[in-house]
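# Examination of the molecular architecture
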Amino acid sequence: MKKGMIKATDAFERIVHWSLAISCIVLMISGLGMMFHSLNFLAVPVGGLKNLKLIHNFTGLFFIASLFFAVLMWWREAGVFEFPEDAEWIKVAGGYLWHVDSVPEVGKYNPGQKMFFLAVAIFGAAMAVSGLMMWFPLSFGAGLVRFMYFLHALGFVVIFAFFFVHLYLGTIGSPGSLPAMTSGWVTRAWLMKQHPKWLKETEHKGRLVVYGKEPAPREGQGHHA
Amino acid sequence: MKGTDFVKLIDTTRCTACRGCQVACKQWNEMPGLRTRNRGSYQNPPDLEWNTWTLVRFQEHENGDGVLQWLFRKDGCMHCTDAGCVKVCPSGALFYTEFGTVGIDRTKCIGCKECLFACPFEVPKYDRATDKVFKCDLCYTRLREGLLPACVKSCPTGALTFGAVDTMLKTAYARVEDLKQDGHPDANVYGDKFVGGTHVLYVLGEKPEIYDSLPQKPAVPLTVIAWKDFLKPLSLLAAGGVILGSFLHYIIHGPKSPDENGDRDAT
Amino acid sequence: MTNHYIDLKNSDCILIMGSNAAEHHPIAFKWILRAKEQNGATLIHVDPRFTRTSARCDFHVPLRSGTDIAFLGGMIRYIIENEKYFRDYVVHYTNASFIVSPDFHFKDGLFSGYDAEKRKYNKDTWVFEKDSRGIPKRDMTLNHPRCVFQLLKDHYSRYTLDKVSSITGVTKENLLRVYKAYSATGVPDKAGTECYALGWTHHTTGSQNIRTMSIIQLLLGNMGICGGGVNALRGEPNVQGSTDHAILYNILPGYLKMPAASLDTLEKYLGKNTPKSNDPQSANYYQNYPNFFVSFLKALFDDKGTAENGFGYSWLPKLDDGAAYSLMHLFDKMYDGKVKGLFVVGTDPAVSSPNANKVRKALENLEWMVCENIFDNETHCFWKGPGVDPGKIKTEVFLLPASASMEKEGSQSNSGRWVQWKYKAAEAPGDAAAVGELTIRIMAAIKELYAREGGAYPDPVLNLKWDYIDKNGKYDALKVAKQINGHFLRDTTIGDKTFKRDQMVPSFGMLQSDGSTSGGNWLMSGSFTADGFNNMEKRGKDDPTGLGLFPNWSFCWPVNRRIIYNRASCDLNGKPFNPKRKLLEWTGEKWVGDVPDGPWPPQADKEKGKYPFIMKPDGLGAIFGPGMAEGPFPEHYEPLESPLTVNPMSGQRINPAIEFFNGEMDKVASADEKFPYVCTSYSCTEHWCSGALTRWQAWLLEMQPELYVEIGEKLAIEKGIRNGQRVKVSSARGEVSCIAMVTKRFKPFQVEGKTVHQVGLPFNYGWLFPKDGGDSTNLLTPTIGDANTFCPEYKAFMVNVTRI
């Protein structure tokens, strides 16, 4: 690791992220296997659709737990829009879609990420509630259950789409992002591009952890903030 | 409904509620009789159950003139042309047969219960012990051997008949005409005007709204249609759009790479 | 049935009264529905309760249990007053024109000759005036004041609409509706039929209920025609067969009379039971009684019965004169400790007999009991029943496993008198054997015992022919059937036909009284052809008349006649009254159509012609019926237990000819405020009789799981009873706990100015199984029965209903 890399996330954060990510992927794959007859073959490796259903249901529980921690951890940083900078950022679409000379500086998470977080949080919760009710539908009224099927499908549409956005921007669409969720160490350049405001504030507070430098005198950063 | 389809006609005005059909169904399908209680009605079990695929409903009804009627209606799967249950079934356990009826292959059923709520008639029933869903398949095994459904075979009064769709529709409408002549002005055919036409038709002596547990305008629930006909393709469309968009973004706009000088402190 | 099930489709008006046809004859009911659909027949249901039958009828008329005679009496009055009767038929085919003895009278509910002490009638005055030739005098104008028609008119003139409505609780509007619709069949081209079952027979006036309807049918010309008749819908598939073959104490096979002790010789017996007629136009077919009876004796005793020993007549058991031996008498005697042993074969009297508490107590007095059944039941297990200490019971009980009907070959007779041969469908499980097999083995062992050890009177046992086993030593149903049909015991020539020894008797007309023929049941002669072909096996589906007679489907007694008294369907010259339904027609040489009631020309032929009702001594339909215990005209009497203290019709509150049982457990509470509601008992489609067979069947039990009492909404409100709630129903004799089924289908009656509620319970449950299904409804019913048949009163008694 090069000197000067900056620690953007701690281990807990990354564990939650990947729990969420993996459960989400499993849920999507198993869900797709049940949603489309043409994808029923996805159940073959697990020994049939019934097992796929069980995997889907129990992964759902894992997803719910992950989501719970994710929301708990991120809702302040990623769940609340800051004005006016977030609005400014949105006006230029964060510079993703057309060239802008300078992208308004935003906090640790930009409004795009906040939107993604909110989508995951809201629709994830919707998936959790509707999923649980679909698991035990006999305890609820038919009208309610029917709505839950609709909600589950709607949530899927949103999350499935956002998943690919996230995948793209977390990898090739925004090079340098991936390490934030792998090792947790990112480059200053990437931070300057993506989260300049956070970089400056953290640095200003003296909480920035830089590889090869003495740790800051005061503890605490990341999700403990 | 296609011309090659078959239909079971239930003429409620000929039914004596002997419930031979209810027993014949259990006999052919090897469904057990379970211990029930009398709840103050002849109707027993109280509703369709996983082990009761057809049930005669008993209903005391006094019309406007105070004339008492005891209405009997054999309830069970209506075998819709546009069947909500088939629409939602993830495993293909529920399927359209070559007779136009809705069959069920329980080896494929995964117990997801989605069909329970997709059915406008609330027909499919779930059994916890086997984690499977059960419903009438209009004796698919018998039909394939050229036999009548067990219920039809058992019916002594001719309240249940079975045949090609056109014939049965004609029979049903002719019967309704007869009934109208014979003091049943509200007689009607129920089943051919919704969900693409059901493969179980009723001749009702009274208006449909008079009968217990009989939907007046049954339809596959809107939520199911939104889910299966709209959101399901949309999910692929949206995801596909995103992937395509990302690709275009990558090749047109390029990735959002860190600025060269942004790394100035990295030493 | 005088007609048969399929013939119901030929009717123009079907009165279902005393029957819940749709629930208890669900298969046959299709013919009733067909009558409606094909002929536009009016279907009428008269019943205290709105049932599944009512649901399919054009209208339902509720009447208070036990008031059928009043209801029908009103109809007779209506028919006569409005001249709805079929005059030609009444004049020529009934005894309406006969002149009755001047000594006959009717006063305040009693006919002449009543002995209040014996509760019996001396019937000497119930006779016709005869001319010098000994033929009853007639007035073909029907105007003679003592002719049957005028007496009938007088008798029923008292049954006014107001009176009948007040007794029965039927509104006048409803009465007129039924009377009008039904009496419209009193024209030549219309047919009305009546279907009854236990709702008529289960009364102290059961036989007279049916008699009243017979009178109506004769007045309207509905007897002997397609779509007409008085039709008993029998219950179990073979209940007709069991009656034909003498399941009742007072008859021998073929409805021959059981001998009384005073008739100690064959001559006396035949003299008493062979009717005579001096009218040359009366066929008086029962003049052949000796042929039937001697052939029956020959079937029993074969070559042991000779002309010299009266063909073994003295070996037959005899009834004490005037004594009855019905089910109720049997248990009454048993209760008094006078019966030591009992065979219980395919029955469950601890559930099905009236006053079941008494029956259960009576069983404790037995030394032994042999039971044959396919399931265990409450009778077999009486020794461990509710409140019984098995340690104190000394009765030794044997339960022999019997096979079910599908597990044996044999004949089965339906209500339409069709005797159909059937085959074994499956082997019986375990040691189970046909009841016939058990009987054969037990009797063989008894014969052996008597042969070895002798006994008080071994002759009947030792002389009994008992050769009904096949090569393998098993019971042979076919051999029994052939014995029943009868065969020639020696080469015989009858008319121009010669029969060899051992050939089958092809019809009862060939039976002889000289000992040359044997025949176990004369009605069944012809069930085989002379050459031994089994007619009961026939399954021909041809219907040459188009009337649904199906003459080549099985055998129908008598002599394959599908509708009895069928000559009455034609006018005096043999032309059908209704050309659209030609049941029979005289071509000038012979009858074509159904098998006619005898080959003779129609009545107009004064030399050779015969009257149509050939089984009646006078050859005519009996509007005046002196054979009945309580009078030649049916009269309304209140049930033993009723809500009324007096009979609104007369000073005789109850049937004057019924026999009382006065044991300590035979309590009666009539018009008693403690038991204010009329109660009736019945069966349901899902169970059969005591439920001893059907309660073990999970599919059936699931549909009707436990005892319930149906009560009207008004009464439920009055008593604070909710639907589905557990309640207690009690009578003077016992009580049952059951579920209240609050229903619109029972409505209160207005009887003699007061509101009378009626409730009803099925009698299909017993304590043995299911354990929580409730006990027998017959814990409530009284030990009382019809004056002629002792058929118990299950249909009208008084109870209370209370919340638990």
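What you see as residue numbers is a count from 1 along each chain, following the sequence as written. Whichever chain is written first becomes A and whichever ligand is written first becomes 1, with later ones labelled in order. With pLDDT at 70 or above as the cut-off, local features in this predicted model cover only qualifying residues; side-chain atom pairs require 80 or more to be listed or tallied, and sums for whole chains, interfaces and linings still use all residues.

### What to know about helix α6 (residues 165-181) of chain B
Residues and elements named next belong to chain B.
- Between its first and last C-alpha, α6 extends 25 Å over 17 residues, near the 24 Å set by a 1.5 Å rise per residue.
- Along α6, the residues classified as buried are V165, M168, A172 and V176. In a view along the axis of α6, the buried residues occupy a sector of 75°, so they form one face of it. Opposite its buried face, α6 presents the exposed residues D166, K170, A174, E177 and Q181, each directed more than 90 degrees away.
- Note on contacts: residues are paired as contacts if their backbone-placed C-beta atoms lie within 7 Å. Helix and strand assignments follow DSSP, with helices taken as H or I runs no shorter than four residues and strands as E runs no shorter than two, numbered in order from the N terminus. Of the surrounding secondary structure, the elements contacted by the buried residues of α6 are β1 (6-11), β8 (160-164), β9 (188-190) and β10 (200-204).
- With its phi angle positive at about 85°, G183 sits one or two positions after the end of α6. By definition here, a helix of n residues has an expected span of 1.5 Å times n minus one. Exposed residues have 12 or fewer other C-beta atoms within 10 Å of their own C-beta, buried residues have 20 or more, and residues in between are partly exposed; the C-beta atoms are placed from the backbone. Directions are taken from the helix axis to each C-beta atom, and the arc is the one they span.

### A word on the sheet that holds β10 of chain B
All names here are of chain B.
- Paired strands, as defined in this entry, are two strands with at least two bridges between them according to DSSP. Taken together, the four strands give an open sheet; going across it, the order is β8-β1-β10-β9, and neighbouring strands pair in mixed fashion. Pairing within the sheet leaves two strands with one partner each, and these edge strands are β8 and β9. Along the sheet, successive strands turn relative to each other by an average axial angle of 25°, direction set aside. Geometry is summarised by axes, namely lines fitted to C-alpha atoms with helices restricted to the contacting stretch, and by angles between N-to-C directions that run from 0 to 180 degrees.

### Notes on the packing of helix α2 (residues 49-78) of chain A against helix α4 (residues 111-135) of chain A
Residues and elements named next belong to chain A.
- Viewed as axis vectors pointing N to C, α2 and α4 meet at an angle of 150°, and their least axial separation amounts to 10 Å. The two elements α2 and α4 cross, and the hand of that crossing is left-handed. Counted together, N57, G60, I64, L67, V71, W74 and A78 of α2 and Q113, K114, F117, A121, G124, A125, A128, G131 and W135 of α4 form the full contact between these two elements.
- The class makeup of the residues in the contact of α2 with α4 is ten nonpolar, five polar and one charged. Handedness of a crossing follows from how the near helix is turned relative to the far one, being left-handed for an anticlockwise turn of less than a right angle and right-handed for a clockwise one. Think of it as three bins: nonpolar holds Ala, Val, Leu, Ile, Met, Phe, Trp, Tyr, Cys and Pro, charged holds Asp, Glu, Lys and Arg, and polar takes everything else, Gly as well.

### Observations regarding the environment of G305 of chain C
- Relative to the elements of secondary structure, G305 of chain C occurs in the loop between α13 (289-301) and α14 (327-335).
- Separated by 153 residues in sequence, G305 of chain C and L152 of chain C have C-alpha atoms that sit 47 Å apart.

### A short note on the interface of chain A and chain B
- On the side of chain B, 38 residues touch chain A, which itself brings 41 residues to the contact.
- Elements with a minimum of two residues in the side of chain A that touches chain B: α1 (11-35), α2, α5 (142-170) and α7 (188-194) of chain A.
- At 15 residues, the largest contribution of residues to the side of chain A that touches chain B is made by α5 of chain A.
- Residues that form the side of chain A that touches chain B fall into these classes: 26 nonpolar, eight polar and seven charged.

### Quick look at the domain arrangement of chain C
All names here are of chain C.
- Bear in mind that the domain bounds are from an automatic or database domain assignment. Along its sequence, chain C is carved into domain 1 (327-463) and domain 2 (677-803).
- For domain 1 versus domain 2, the separation of C-alpha centres amounts to 27 Å.
- Tallying the contact residues gives 18 residues for domain 1 and 22 residues for domain 2.
- For the side of domain 1 that touches domain 2, the secondary-structure elements that each account for two or more residues are α15 (349-352) and α16 (356-363).
- Broken down by element, the side of domain 1 that touches domain 2 gets its largest block of residues, three residues, from α16.

### Remarks on the sheet that holds strand β21 (residues 555-556) of chain C
Residue and element names in this part refer to chain C.
- With respect to topology, three strands assemble into an open sheet ordered β15-β16-β21, the strand pairing being antiparallel. Of all strands in the sheet, those bounded by a partner on one side alone are β15 (410-413) and β21.
- The sheet contact formed by strand β16 (residues 418-422) and β21 spans two bridges and is antiparallel. In the strand pairing of β21, V419 is matched with F555.

### Brief notes about the nonpolar core
- By definition, a nonpolar core groups buried Ala, Val, Leu, Ile, Met, Phe, Trp, Tyr and Cys residues that connect through C-beta atoms lying within 7 Å of each other. Among the nonpolar cores identified, the biggest contains 118 residues, and Y149 and V157 of chain A together with C85, C115 and L201 of chain B are the most heavily contacted of them.
- Looking at this core, the element that brings in the most residues is α5 of chain A, giving 16 residues.
- Setting aside anything within four residues of it in sequence, one finds V157 of chain A in contact with L231, L234, S235 and A238 of chain B.
- Counting residues in hydrophobic clusters, the runner-up holds 99 residues, among them F29, F104, Y182 and I563 of chain C.

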